[in-house]
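So the chains spell out like this:
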Amino acid sequence: MYLHLGQDVVVPADSILGIYDMDTATWSRHTRAFLSAMERRGRVIALFDDLPKSCILCEEGGEPALYLSQLSTATLLRRSGQTIPD
């Protein structure tokens, strides 16, 4: 199964390690440090030119990749066909 992240980008669902809401994820200094390190390593792929709503952490060929998407986490969850456990 694949997940469409926006802007004609599709990734295998089994490569996704996590999907994070940018409004809440960036509060932590640890998360900001991780984002900076990924950007320095050239592993951040922005799928648009506006502020991101979500980031998707994937593993591609043994290396992490971080996609910045304009789609919300709720939209990505709905597209994946997954549900949040009660």
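Residues numbered from 1 in each chain as written. Predicted model: local features only at pLDDT ≥ 70, side-chain atom pairs only at ≥ 80, totals over all residues. Heavy atoms only, no water.

Peer 1: Give a detailed account of the nonpolar core, specifying residues and quantitative values.
Peer 2: Soluble globular proteins tend to pack their nonpolar side chains together in the buried interior. Leu5, Ile56 and Tyr67 are the most contacted members of the largest nonpolar core, which totals 13 residues. Elements with a minimum of two residues in this core: strand E1 (2–6), strand E2 (9–12), strand E5 (54–60) and strand E6 (63–69). Setting aside anything within four residues of it in sequence, one finds Tyr67 in contact with Leu5, Val9, Val11, Ile45, Leu47, Ser54, Cys55, Ile56, Cys58 and Glu60. Counting residues in each nonpolar core, the second largest holds seven residues, with Met22, Leu57, Leu66 and Leu68 among its members. (Core = buried A, V, L, I, M, F, W, Y, C linked by side-chain atoms within 4.5 Å. Buried < 20%, exposed > 50% of the residue type's maximum accessible area, 1.4 Å probe, protein only. Helix = DSSP H or I, 4+ residues; strand = E, 2+ residues; numbered from the N terminus. Contact = heavy atoms within 4.5 Å.)

Peer 1: I'd love a proper account of the pattern of salt bridges, names of residues and values included.
Peer 2: Summed over all chains, the structure comprises one salt bridge. Where Arg41 meets Glu63, a salt bridge forms, and the shortest distance between an N and an O atom there is 3.0 Å. Separated by 22 residues along the polypeptide, Arg41 in the loop between helix H2 (29–40) and strand E4 (44–46) and Glu63 in strand E6 bring together distant segments of the chain. Judged by its relative accessible area of 36%, Glu63 is partly exposed. (Salt bridge = Lys/Arg side-chain N within 4 Å of Asp/Glu carboxyl O.)

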